[in-house]
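Coordinates in review
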Amino acid sequence: SPGTLTISNSSIINNSTPNNGGGIKSASPTTITNTVIAGNSANIGGGATIFFPTGIGSFDHVSFLNNHATTFAGGLTVARFDTITDCTFTGNTAGTQGGGLFIGDNALDKTIIRASFSMNSAQDGGAFYDFRGQTTVSDSTFDNNHATRNGGAIYFETHFVSTSISNSQITNNIAGQSGGGIYN
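Let us look at the structure shown here. (Residues numbered from 1 in each chain as written. Predicted model: local features only at pLDDT ≥ 70, side-chain atom pairs only at ≥ 80, totals over all residues. Heavy atoms only, no water.)

Points about the sheet that holds strand E13 (residues 101–103)
Strand order in the open sheet made by the 7 strands is E3-E6-E9-E13-E17-E21-E25, with parallel pairing throughout. Looking at which strands have only one partner, the edges of the open sheet turn out to be strand E3 (24–26) and strand E25 (182–183). In this sheet, strand E9 (residues 76–78) lies alongside strand E6 (residues 48–50) in parallel orientation, the contact comprising 3 bridges. Its bridge partner lying in E9, Ile50 is registered against Val78. (Pairing = 2+ DSSP bridges. Helix = DSSP H or I, 4+ residues; strand = E, 2+ residues; numbered from the N terminus.)

Section: the pairing of strand E10 (residues 80–85)
Two faces belong to every sheet, and in a regular strand the side chains alternate between them. Bridge count between strand E7 (residues 56–65) and E10: 4 bridges; the pairing is parallel. By the bridge assignment, Ile56 is partnered in E10 with Arg80. Inspection of the sheet shows E10 paired to strand E14 (residues 109–113) by 3 bridges, in the parallel sense. Note on E14: the bridge partner recorded for Ile84 is Ile112.

Some words on the packing of aromatic side chains
Applying the stated criterion across every chain yields a total of 12 aromatic pairs. With 4.8 Å between their ring centres and 10° between their planes, Phe64 and Phe89 make a pair best called stacked. With Phe64 in strand E7 and Phe89 in strand E11 (residues 88–90), the pair connects residues that are 25 residues apart, well separated along the chain. Take Phe64 and Phe89: they sit in the same class, and that class is buried. Taking the centre distance of 6.0 Å and the plane angle of 45° together, the rings of Phe128 and Phe142 count as tilted. Placement of the pair is Phe128 in strand E17 (residues 128–131) and Phe142 in strand E19 (residues 141–143), with a sequence separation of 14 residues. (Phe/Tyr/Trp six-rings, centres within 6.5 Å; stacked < 30°, edge-to-face > 60°. Buried < 20%, exposed > 50% of the residue type's maximum accessible area, 1.4 Å probe, protein only.)

Here is the structure:
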């Protein structure tokens, strides 16, 4: 079985790479708690990249701040995760998809609870881009995010699976083409 990565009560700030994961790149089951990931940059996953096949992530009280990706996932790119709880995504940017968060392709149930997405930007999915994942979002806020094309806050590419949003506020987001708040 693969090893694990656990990060808690830490700061991962101002790191960079020309490839994946400016702050963190992990292909192992990863748990991050009470941590700030800020000012990092990469081609993919400016703040952190948690990739499959074994990279399952759990994030609790993590702040992804002012990270940048040349392509997708300014703050965090994750293929498989259980929960994102009480996390903040602010001021992250991506050249293509998912300013704050990019959720990769798999059929696992994913839950985002009490997250805050603000002032993130990308071409599609200013706050986050969900690539065919089955995601449940609850008690979260999406404010002042921007997409130059579609999905000012959220871009769901979920033609074959169900997604849901409940008890959340989606306000003041802008898309250059379609779906100022949500594009599906």
